[in-house]
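Residue-level structural notes
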Amino acid sequence: MNRRAQFLEVLGIPAEWVPRRLAGAPVEAATLVEVEVDIEVATVAVAAVGAEAAAEIEASLPTPTAPPRVVMVEALSPAPQPAVQDEAALARDAAIAAMDWAALEAAVAECTACGLSDTRTNTVLGVGDRRAEWMLVGEAPGENEDLQGEPFVGQAGKLLDNMLGALGLARDRNVFIANVLKCRPPGNRNPEPEEVAHCEPFLRRQIALIRPKVIVVLGRFAAQSLLRSTTPIGKLRGTVHQYEGIPVVVTYHPAYLLRTLTDKARAWEDLCLAREVHDRAGAEA
Ligand code: SF4
């Protein structure tokens, strides 16, 4: 099975969703637009009428004529600061910005800067290759992550690992995975803005130390936090953004993908875009 077929299987996209003329084709940049257009149409159609009719619908799809997607890079506003930032906070940010990995690890483990330190079991700094070219950023630890001290474990983590595997990536080899918040919000509630403001210097330093070629942001909250945006995730994805000068691609959170069939194909598009960005960065290096 080629990598593309393997990826679609991981995402739970049946073979009949895949246009026949593309089945078995290698995943190359030149084919991405065709895949995007066809899967988009096929996904909507299947959602509307059911999987059994997919082959019939697919056979009737017109040949896509859309032009190749133009990768746009958006400039971002400066890194967020709390509304009132006192000298102590500025000094803390500056200290974090100068940390090496050992200091960062110790600082996160001991951090009591926000109320989440009262309820956490473990801090979750992140996991993976600290020289990786790919970095994935999620929202915050959940229950299992809090217990194990590692991001993306459980069913969502398995799906994420399978998705990474289909791209030739693995968390212990060539990707680093972290969250915006290093401690679990109780009951998996949404993080508060002050919690993000206190914790983001840690993520910013991680990104500065790793200097990945591409950052893939997983889920609405992480995307909106990192990009300082209130734009819905459906509009943030499909465009290349920037964080601290590094290209950012937005996609759905694996936990969401586990329960939302129709958006799995879009996640595939997003990872294709991320790979395109990564490969382009490699070619320019
Ligand atoms: S969430 Fe971040 S800022 Fe808050 S206590 Fe944990 S490490 Fe510190």
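Report on the accompanying structure.

Procedures and definitions
Residues numbered from 1 in each chain as written. Predicted model: local features only at pLDDT ≥ 70, side-chain atom pairs only at ≥ 80, totals over all residues. Near = placed C-beta within 6 Å. Helix = DSSP H or I, 4+ residues; strand = E, 2+ residues; numbered from the N terminus. Nonpolar A, V, L, I, M, F, W, Y, C, P; charged D, E, K, R; others polar. Buried ≥ 20, exposed ≤ 12 C-beta atoms within 10 Å, placed from the backbone. Pairing = 2+ DSSP bridges. Contact = placed C-beta atoms within 7 Å. Axes fitted to C-alpha atoms, helices over the stretch in contact; angles between N-to-C directions. Core = buried A, V, L, I, M, F, W, Y, C linked by C-beta atoms within 7 Å. Parallel < 35°, antiparallel > 145°, perpendicular 65-115°, else oblique. Left-handed = near helix turned anticlockwise from the far one by under 90°.

On to the site of the ligand, then. Of all residues adjacent to the ligand, which total 14 residues, the nearest are Cys111, Cys114, Lys182, Cys183 and Cys199. Here the shell around the ligand gets 3 residues from one element, more than from any other, and that element is helix α8 (residues 193-210). Considering only residue class, the shell around the ligand consists of 8 nonpolar, 4 polar and 2 charged.

Attention now goes to unusual backbone geometry. Positive phi, normally seen in glycine, also occurs at Phe152, with a value near 55°. C-beta crowding within 10 Å serves as the criterion here: with 28 such atoms nearby, Phe152 is assigned to the buried category. The backbone of Arg211 shows a phi angle near 50°, a positive value even though the residue is not glycine. Inspection of the secondary structure puts Arg211 in the loop between α8 and β4 (214-218). Residue Arg211 is classed as partly exposed on the basis of its C-beta count, with 13 C-beta atoms lying within 10 Å.

The strands that make up a sheet are held in pairs by hydrogen bonds between backbone atoms, and each pair lies either parallel or antiparallel. The strand order β1-β3-β2-β4-β6-β5 describes an open sheet built from 6 strands, whose pairing is mixed. Because the sheet does not close on itself, it has two edges, and the strands there are β1 (127-128) and β5 (241-243). With respect to the sheet, helix α9 (residues 220-227) is in contact with β2 (134-138), β4, β5 and β6 (246-251), its orientation differing from that of β4 by roughly 130°. The strands touched by helix α12 (residues 264-284) are β2, β4 and β6; relative to β6, the strand with the most contacts, the crossing angle is about 170°.

All right, on to the pairing of strand β3 (residues 175-179) then. In terms of burial, β3 is largely enclosed, as 5 of its 5 residues are buried. Burial along β3 is two-sided: the face carrying Val175, Ile177 and Asn179 and the face carrying Phe176 and Ala178 are both buried. Pairing of β1 with β3, which is carried by 2 bridges, proceeds in the antiparallel orientation. Note that in β3 the partner of Val127 across the bridge is Ile177.

On to α9, then. Buried residues dominate α9, accounting for 7 of its 8 residues. Buried positions along α9 lie against β2, α8, β4, α10 (233-236), β5 and β6.

Here we come to the nonpolar core. If you look at the biggest cluster of nonpolar residues, it comprises 60 residues, and the most contacted ones within it are Val137, Val180, Val216, Val217 and Val249. Among the elements that take part in this core, α12 stands out by supplying 8 residues, more than any other. Excluding its chain neighbours within four sequence positions, the residues that come into contact with Val216 are Trp134, Leu136, Val249, Thr251 and Ala274.

Attention now goes to the packing of helix α4 (residues 87-97) against α8. Between α4 and α8, whose axes approach to 9 Å, the crossing angle comes to 25°. If you check the angle between α4 and α8, you find them roughly parallel. In the packing of α4 onto α8, the handedness of the crossing is right-handed. Of the residues in α8, those in contact with Asp93, Ile96 and Ala97 of α4 are Pro201, Phe202 and Arg205. In terms of residue class, the contact of α4 with α8 is built from 4 nonpolar, no polar and 2 charged.

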